Amino acid sequence: MEPPVEKLTRRCLVESLSEATGLSRDRTDRMVALVLDHLCLVLARALKKHGAAELTLRNFGSFRVVSRPARSGWDFRSGRPLAGPPHRRLHFRAARCFRQVIQGEEPGGNF
């Protein structure tokens, strides 16, 4: 059995940033909302303009929109084939120094 996992939320992030910067929680919450909304907007614009999008945050990781082709499957109850539509997924790849922190190693680089 795995140990319980601490669920980190946006609220935890806001509280931590508020303490670290000395700004009010309300102001920090608005800044976090602005950053997250802008990240989504940038990815959406790039996706609309180029059909693909990748956003890289140094020492954190990269977000990439991946297109998945249509696929076929089976309905096990009726035995008929099913067609799965093509779709897009958001893929995240953690940066090396972030992966090192997760593994409990000493991070290399400017982390």
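Residues numbered from 1 in each chain as written. Predicted model: local features only at pLDDT ≥ 70, side-chain atom pairs only at ≥ 80, totals over all residues. Heavy atoms only, no water.

1. A short note on the nonpolar core
Membership of the largest hydrophobic core is limited to five residues, which are Leu43, Leu47, Ala53, Leu55 and Val65. For this core, the secondary structure elements donating two or more residues are helix H2 (25–50) and strand E1 (53–57). The residues contacting Leu55, other than those within four sequence positions of it, are Leu39, Leu43, Gly61, Ser62 and Phe63. (Core = buried A, V, L, I, M, F, W, Y, C linked by side-chain atoms within 4.5 Å. Buried < 20%, exposed > 50% of the residue type's maximum accessible area, 1.4 Å probe, protein only. Helix = DSSP H or I, 4+ residues; strand = E, 2+ residues; numbered from the N terminus. Contact = heavy atoms within 4.5 Å.)

2. Quick look at unusual backbone geometry
The phi angle at Asn59 is positive, at roughly 65 degrees, despite the residue not being glycine. Within the fold, Asn59 resides in the loop between E1 and strand E2 (61–68).

3. Quick word on the state of the cysteines
For the structure on display, the rule yields zero disulfides. With no disulfide of its own, Cys40 lies closest to Cys12 among cysteine sulfurs, the gap being 19 Å. Using a relative accessible area of 54% as the deciding quantity, one classes Cys40 as exposed. (Disulfide = S-S within 2.5 Å.)

4. With respect to the layout of surface pockets
The method is simple in principle: a probe with the dimensions of a water molecule rolls over the atoms, and the space it marks as empty is what remains. Looking at the largest pocket, its volume works out to about 380 Å³. Taken together, 14 residues form the lining of the largest pocket, with Leu8, Thr9, Arg10, Cys12 and Leu13 sitting closest to its centre. For the lining of the largest pocket, the elements supplying multiple residues, two or more each, are helix H1 (10–21) and H2. Its residues placed into classes, the lining of the largest pocket shows nine nonpolar, three polar and two charged. (1 Å grid on protein atoms, 1.4 Å probe; cavity = no way out; pocket = protein on both sides within 12 Å on 5 of 7 lines; lining within 4 Å. Points joined across faces, edges and corners; volume = space filled by probe spheres on them. Nonpolar A, V, L, I, M, F, W, Y, C, P; charged D, E, K, R; others polar.)

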